[in-house]
Amino acid sequence: MNITLAPGPIGAAVHGLDLPAIAHDDFTKLRDLVHARGVVAVRGQKLGEAEQVTFARRFGDLQKIFIKDALSTRYPELFFVSNVDENGKPLGSKDAGEFWHTDGAYLPSPHSVSMLYAVEVPHGPDGTALGDTRFAGMAAAYDALPPATRELIDGLRGVHSLYHRYTIKPAKPGSMATQSADFPPVSHPLAIRHPVTGRRCLYLSEGYTTQVEGLPQDEGQQLLAMLNQHVLKPEFGYRHAWAEGDLVLWDNRATLHHATFDYTPSQRRVMRRATVGGGPLG
Ligand SMILES: O=C(O)CCC(=O)C(=O)O
Ligand SMILES: [Fe+2]
């Protein structure tokens, strides 16, 4: 197992693993690496649906995403993200990652780790991969705040709503997410204590966080706008350029992510995600 760390605080690439056959020690090392680096790309995998599910289960119970039409028919714990239509209907969610977010923030117990597998990756005419995924490191972002800001937010909670993104920008016609079940808003600390590393991580996003509990509306919006801008500073970030066969694992409690829509409908992108459940955030 060969590990290359990205230059910033998050991100790592791993070569030399065959995940379905991974040895116990390597699995432990990989899981620790996900917690230490927030995002880990395991390159060169060949994962069928069953193999992806079996591997992902080693991290914990898998969650079924509410967008039923985007789930695998054989393995509903797999969620497709794709721009492809098959038999006249979308293969998966076409707008996942349109906004900065962390998976499951709209739940009382948000998802812990997500694992996205690249089945088909679009390429530009010169061969460069398109459709990168960008990540923001929320522990480094917290640490870089002035002490007075950290003190202020340490006692505050953010409100998160699945529907917030549709107030920022209406869903595209035919978007699958509009068939959502009913998710009432929830609140989480603005700075969570990471359940594994113990590090403080900012926990908010452009896509889901609507307001700050207990602050006047304008003050809350100002604080959210400042923090949303702060977390995107390039020094906290990692950008993943995909290759087919990559399995990228990210820790939703320590990172945000955002997809790049720089490819056309004729440039196929097919990704499938397994998502591990998590507990309440403190
Ligand atoms: O398609 C991507 O790059 C990321 C989409 C996303 O937000 C997810 O799979 O959780
Ligand atoms: Fe996501």
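Look a little higher up for the structure.
So, here is what we can say about the structure in this document. This structure is a prediction, so every number in the text was calculated from the model and none was measured.

## Things to note about the environment of Ala-191
Structurally, the position occupied by Ala-191 is in strand S11 (residues 191–193). Taking C-alpha positions, Ala-191 is 30 Å from Ser-93, a pair spaced 98 residues apart along the chain. Sequence-distant contacts of Ala-191, defined by excluding residues within four places in its chain, comprise Tyr-142, Ile-153, Asp-154, Arg-200, Cys-201, Leu-202 and Tyr-203.

## Side note on the site of ligand 1
In the vicinity of ligand 1, the residues found are Val-81, Ala-96, Gly-97, Asp-103, Ser-114, Leu-116, Thr-133, His-257, Ala-259, Met-271 and Arg-273. For the shell around ligand 1, the elements supplying multiple residues, two or more each, are strand S7 (113–120), strand S16 (255–259) and strand S17 (270–275). Residue composition of the shell around ligand 1, by class: five nonpolar, four polar and two charged.

## Thoughts on helix H6 (residues 217–230)
Counted at 1.5 Å a residue, the expected span for H6 with its 14 residues is 20 Å, and the 20 Å between its end C-alpha atoms agrees. For H6, the complete set of buried residues consists of Leu-223, Leu-224 and Leu-227. The buried residues of H6 occupy an angular sector of 100° when projected down its axis, which confines them to one face. Opposite its buried face, H6 presents the exposed residues Gln-217, Asp-218, Ala-225, Met-226 and Gln-229, each directed more than 90 degrees away. Against strand S12 (200–202) and strand S13 (209–212) lie the buried residues of H6.

## Quick word on unusual backbone geometry
Although it is not a glycine, Asn-87 sits at a positive phi angle of roughly 55°. Following the sequence through the fold, Asn-87 ends up in the loop between strand S5 (85–86) and strand S6 (89–90). The exposed category is assigned to Asn-87, around which 5 C-beta atoms lie within 10 Å.

## A word on the sheet that holds S16
Here we have three strands laid out as an open sheet, ordered S14-S8-S16, and antiparallel in their pairing. Each having just a single partner strand, strand S14 (237–240) and S16 make up the two edges of the open sheet. Neighbour to neighbour, the strand axes of the sheet diverge by 20° on average, direction disregarded. Bridge count for strand S8 (residues 133–137) against S14 is four bridges, and the pairing is antiparallel. Directly across from Thr-133, in S14, lies its bridge partner His-240.

## Quick look at the pairing of strand S9 (residues 157–160)
Here S9 shows a buried face lined by Gly-158 and His-160 and an unburied face lined by Arg-157 and Val-159. When S9 meets strand S10 (residues 186–189), the two strands line up antiparallel, connected through four bridges. Counterpart to Arg-157 in the pairing with S10 is Pro-189. Sheet analysis places S9 next to S13, joined by three bridges and oriented antiparallel. Residue Val-159 lies in a different strand from S13, and its bridge partner there is Gln-211.

About the cut-offs
Here the residue numbers are simple positions, counted from 1 along each chain's written sequence. Following the order in which they are written, the chains are lettered starting with A and the ligands numbered starting with 1. Only residues with pLDDT of at least 70 get local features here, since the model is predicted, and only at 80 or more are side-chain atom pairs given and counted; chain-wide, interface and lining totals rely on the full set of residues. Going along the chain from the N terminus, every DSSP run of H or I of four or more residues is numbered as a helix, and every run of E of two or more is numbered as a strand. Here contacts are defined at the residue level, using C-beta atoms placed from the backbone and a cut-off of 7 Å between them. Using a C-beta atom placed from the backbone for every residue, we mark a residue as near a molecule or strand if that atom lies within 6 Å of it. Polar here means any residue outside two lists: the nonpolar Ala, Val, Leu, Ile, Met, Phe, Trp, Tyr, Cys and Pro, and the charged Asp, Glu, Lys and Arg; Gly therefore counts as polar. Here the expected length of a helix is defined as 1.5 Å per residue gap, with one fewer gap than residues. Burial is judged by counting the other C-beta atoms within 10 Å of a residue's own C-beta: 20 or more makes it buried, 12 or fewer makes it exposed, and any count in between marks it as partly exposed, with every C-beta position built from the backbone. In this description, one arc is meant: the one made by directions from the helix axis to the C-beta atoms. Two strands qualify as a pair provided that DSSP identifies no fewer than 2 bridges between them. The axes used here are C-alpha line fits, helices contributing only the stretch in contact, and every angle between their N-to-C directions lies in the interval 0 to 180 degrees.

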